[in-house]
Amino acid sequence: MSEIVLEIKDLSTHFFTDRGEVPAIEQVSIRVHKGEVVGIVGESGCGKSVTSLSIMQLVPSPPGKIVSGEINFKGEDLAPASEKRMKKIRGNEISMIFQEPMTSLNPLFTIGNQMIEALRIHQKVSKKEAREKSIEMLKLVGIPRAESIIDEYPHQLSGGMRQRVMIAMSMSCNPELLIADEPTTALDVTIQAQILELMRKLNKEKDTAILLITHDLGVVADICDRVIVMYSGQVVEEGTKREVLKDPKHPYSKGLIRSIPKLHGREEKLYSIPGTVPKPKMDRIGCRFAPRCEFAFERCFKENPGLYPTGDGRSSRCFLYDKSEGDKKINAATNKEATIGG
Amino acid sequence: MEDWGDVMFAYIMRRLLMLIPVLLGMTLITFSIVHLIPGNPAQVILGETASAQAIADLEENMGLTEPYFVQYGIYLTDLLQGDLGTSLRSKSAISSEIWPYIAATFELTVFAMLFAIFIGVNAGIISAWKQNTWFDYLAMLIALIGVSMPVFWLALMEQWVFAQELGWLPAYGRQESRDPIAAITHFYVLDSLIHLDFDRTVTILKHLVLPSIALGTIPMAIIARMTRSSMLEVMKSDYIRTVRAKGSGQFLIIYKHALKNAMIPVLTVIGLQAGVLLGGAILTETIFSWPGIGRYVYEAISYRDYPVIQSGILVIAFIFVMINLIVDILYKKIDPRIKY
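Throughout this document, residue positions are counted from 1 along each chain, in the order its sequence is written. Note on labels: chains are lettered from A, ligands numbered from 1, in written order. Where totals are concerned, whole chains, interfaces and linings use all residues; where local detail is concerned, this predicted model gives features only for residues with pLDDT of at least 70, and gives and counts side-chain atom pairs only at 80 or more. To obtain the side-chain values, all non-hydrogen atoms of the structure were used and water was disregarded.

Please set out the pairing of strand E8 (residues 209–214) of chain A residue by residue, giving values where relevant.
The side chains of a regular strand alternate, first on one face of the sheet and then on the other. All names here are of chain A. In this scheme, a residue with accessible area under 20% of its type's maximum is buried, one over 50% is exposed, and one in between is partly exposed, where area comes from a 1.4 Å probe on protein chains only. Comment: elements are numbered from the N terminus, with helices defined as DSSP H or I runs of at least four residues and strands as E runs of at least two. Where burial is concerned, most of E8 is hidden: six out of the six residues are buried. Paired strands, as defined in this entry, are two strands with at least two bridges between them according to DSSP. As judged from the five bridges shared by strand E3 (residues 37–41) and E8, these two strands associate in the parallel manner. By the bridge assignment, Val37 is partnered in E8 with Ile210. Across five bridges, strand E7 (residues 177–181) lies against E8 in parallel orientation.

Listed below in structure tokens is the structure:
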């Protein structure tokens, strides 16, 4: 593998609310290599967005605060970095695009004004050069009539176009890492495909690593190299796209994948994981997923599972893969799955 | 894309056309108010002892016996020719004597609003920026006191402290009455500058301080509170998060991106408050012996000088409408999404 761009180690971000401390993410570890597309998947409220905002130190504070862990970006730990340092990183070395293209651009300034600002914060360029560079970027992301669009206001563009503008703006300083927080969720399906294709293209051409936050396994299948599955503030499984989609290890990932509607096959009713995501609270004991898990046994409710290797370099946060449980459990689980009809 | 200047011009023309029914409605209301309230102007002019015949003759003479719509027609025709009627008291044309009063009120309102906007907007911004700090609490406490304080009380306190006790500032009038200015525009600050008489400018500005603060305090407090809540709302928006993610500094975020968005509702409040000041200056003008339109109308009311009351109300309403026109134009200037 090539060099590591971003390595998050045991990152915990908590929210200090009126009703006490709430752990939004706990001991999250993520690694992104140069030029790689890593997907983070999970349900709403599993901590995907908090993870991405933590990297940028954009978690609303108060109440949010990084309480422990490291965010190593090209050898520098960003977790304790000052606001001054972060300003130099944001938009320059790590940039970010968001879920809501309709509201992510300031409605009162032209596209050009906002793009030029992004460039001139980080680079010593004249207004004219910045404008030319912006037009070039708009063309790169496939915006027609870039020369006139640059003088238009966001409300004059469609959602897909605005997301393209956001991508153009975030890529204008050639960042090493692009964090995309559900970039296609608010767009319709055809536009979704175009935006994903565009991101893939930029990833290939500019060798920019992408950390893609999504709840859509279709998006993962489309462009990711590696996948991280999160559940209730924790990473529960990690592996390459093929491995996780074809052969999920953690019961939660298995459930997620079973709940995708299939084109072929005649299942009467679409599978869904029973229950709902638990509310995060401090000092929870037992596996977060145990109450909804069909393989859960006594130990799952009494101890917190670690990340256990499942062979071939992958890992899963599940006691089924703890060596001390022996092979019996794994076999039992596999058999059960077989009878369910996976 | 259309040329910006053309868009703006078309917009302003449309707004001006929309003013016509508003202005007509205004004249109808001022006309009605004066004719519906009891009291006979002919009686007032001739005094208590006048004979019934004399009153009837004068009514005939003044056109008061004509049907209302004819009277309204005459009134409108006169207005269009710039004729506001004749004061019953001074017997001179209102259009020739009303200007200095308008100028006095206008000058006071402008300074009061400058005070209100400058302090209010900045206090609001800093309060939002430093939310839940001592500055925020203090500024909002002052704003609360400012809103709840009666204007006449504040005015009297100012006079007592700054004029009476400390002697820093004059308590009455627009200028030193012993040494009046040779008025040109009747905006005294402007006049003194035209005369290049800067000592006088200072004197005139000193006279403006206390009444401006008295008049501007309530709008200042309202603007501060409005700016604060509007800023807090805007700071939570997605596009501010985008600006942060771009790496922009706090100053750029607040004074460029957030402020412009936050100003839209604040601008509405500023327009309305400017109108309130124009109409509500009577109390302040009375306390500070300010020869403005409020006092002009107030005195006219006590003399039942109907033409003056009518014209005064009309002029105040007209300025109010104009200020709101300016606010509408500023909206369009700030927010490209607005369409009419």
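I'd like a description of the environment of Tyr271 of chain A, backed by residues and values.
All names here are of chain A. Inspection of the secondary structure puts Tyr271 in the loop between helix H10 (251–258) and strand E11 (308–309). Each C-alpha atom, one on Tyr271 and one on Ser259, is 4.8 Å from the other, the two residues being twelve residues apart in sequence. If sequence neighbours within four positions are ignored, Tyr271 has contacts with Gly255, Arg258, Ser259 and Glu294. Only heavy atoms enter the contact rule, under which two residues are in contact if any of them lie within 4.5 Å.

For the interface of chain B and chain A, give the residues involved together with the corresponding values.
At the junction of the two partners, chain B supplies 22 residues and chain A supplies 28 residues. The quantity reported as buried area is the accessible area (1.4 Å probe) lost by two parts once they are put together, taken as the sum for both. Taking both sides of the interface into account, the surface hidden between chain B and chain A amounts to around 2,300 Å²; carbon and sulfur atoms contribute 61%. Should a side-chain nitrogen of Lys or Arg be within 4 Å of a carboxyl oxygen of Asp or Glu, the pair is scored as a salt bridge. Applying the counting rule to chain B against chain A returns three salt bridges. As used in this structure description, the phrase polar contact means that two N or O atoms lie within 3.5 Å; if the pair is within protein, one of them must be able to donate a hydrogen and the other to accept it, and residues adjacent in sequence are counted only when both atoms belong to side chains. Linking chain B to chain A there are 14 residue pairs in polar contact (both at pLDDT 80 or more). When residues of the side of chain B that touches chain A are traced back to their parent elements, those giving at least two are helix H11 (238–246) and helix H12 (250–287) of chain B. Of all the elements, H11 of chain B adds the most residues to the side of chain B that touches chain A, at eight residues.

With reference to specific residues and values, describe the pattern of salt bridges.
Residue and element names in this part refer to chain A. This model, assessed by the stated rule, comprises 31 salt bridges over all chains. Across the pair Arg314 and Asp247 runs a salt bridge, and its minimum N-O distance is 3.9 Å. With Arg314 in the loop between E11 and strand E12 (315–316) and Asp247 in the loop between helix H9 (241–246) and H10, the pair connects residues that are 67 residues apart, well separated along the chain. Arg258 serves as the salt-bridge partner of Glu294, at 3.7 Å between the closest nitrogen and oxygen. Residue Glu294 is found in the loop between H10 and E11, and its partner Arg258 is found in helix H10; the two are separated by 36 residues along the sequence.

Provide a residue-level description of helix H13 (residues 293–302) of chain B, including the pertinent values.
Regarding H13 of chain B, the residues found buried are Ile293, Gly294, Tyr296, Val297 and Ala300 of chain B. Seen along its axis, H13 of chain B keeps its buried residues to an arc of 165°; they face one direction. Note: the arc covers the axis-to-C-beta directions of the helix.

I'd like to hear about the domain arrangement of chain B, residue by residue, with values.
Residues and elements named next belong to chain B. Bear in mind that the domain bounds are from an automatic or database domain assignment. Domain boundaries in chain B define domain 1 (4–89) and domain 2 (99–334). Computed from C-alpha coordinates alone, the two centres of domain 1 and domain 2 are separated by 30 Å. If you look at the interface, domain 1 gives 28 residues, while domain 2 gives 20 residues. Its largest share of buried area at the contact with domain 2, domain 1 owes to Met26, Val34 and Arg89, together 23% of the area lost on that side. For the pair domain 1 and domain 2, the number of links is two salt bridges. The closest approach of N and O atoms between Arg15 and Asp328, which form a salt bridge, is 2.1 Å. Going through the elements one at a time, helix H1 (4–36), helix H2 (41–46) and helix H4 (68–80) are the ones with two or more residues in the side of domain 1 that touches domain 2. Take the side of domain 1 that touches domain 2: its biggest share by element is 16 residues, from H1.

For the sheet that holds strand E1 (residues 4–17) of chain A, give the residues involved together with the corresponding values.
Residue and element names in this part refer to chain A. Strand order in the open sheet formed by four strands is E2-E1-E4-E5, with antiparallel pairing between adjacent strands. Looking at the sheet topology across the chains shown, the edges are occupied by strand E2 (20–33) and strand E5 (76–77). Pairing geometry for E1 and strand E4 (residues 64–73), over eight bridges, is antiparallel. By the bridge assignment for E4, Leu6 is matched with Phe73. Lines are fitted to the C-alpha atoms to define the axes, a helix being fitted only along its stretch in contact, and any angle between axes, read from their N-to-C directions, falls within 0 to 180 degrees. Across the sheet, helix H1 (residues 48–56) is in contact with E1, E2 and E4; its angle to E1 comes to roughly 110°.

Run through the sheet that holds strand E9 (residues 226–231) of chain A, naming residues and quoting values.
All names here are of chain A. An order of E6-E7-E8-E3-E9-E10-E12-E11 is seen for the eight strands of this open sheet, with the pairing classed as mixed. The open sheet is flanked by strand E6 (94–97) and E11, the only strands paired with a single partner. Sheet topology note: the E3/E9 ladder contains four bridges and is parallel. Bridge pairing links Val41 to Val229 in E9. On the sheet, helix H6 (residues 159–171) packs against E6 and E7 and is oriented at approximately 175° with respect to E6. Where helix H7 (residues 189–206) meets the sheet, its contacts fall on E3, E6, E7 and E8, and the angle it forms with E8 comes to roughly 155°.

Lay out helix H3 (residues 111–122) of chain A with the relevant residues and their values.
All names here are of chain A. One fewer than the residue count of a helix, multiplied by 1.5 Å, yields its expected span. Between its first and last C-alpha atoms H3 spans 18 Å; for twelve residues at 1.5 Å apiece the expected length is 16 Å, and the two agree. The buried fraction of H3 is high, at nine of twelve residues. The complete set of buried residues in H3 reads Ile111, Gly112, Gln114, Met115, Ile116, Glu117, Ala118, Leu119 and His122.

How would you summarise the side chain of Asn261 of chain B if you had to cite specific residues and measurements?
Inspection of the secondary structure puts Asn261 of chain B in helix H12. The class for Asn261 of chain B is buried, based on a relative accessible area of 7%. A distance of 2.9 Å separates polar atoms of two side chains, one belonging to Asn261 of chain B and the other to Asn106 of chain A. There is a polar contact of 2.9 Å between the side chain of Asn261 of chain B and the backbone oxygen of His257 of chain B.

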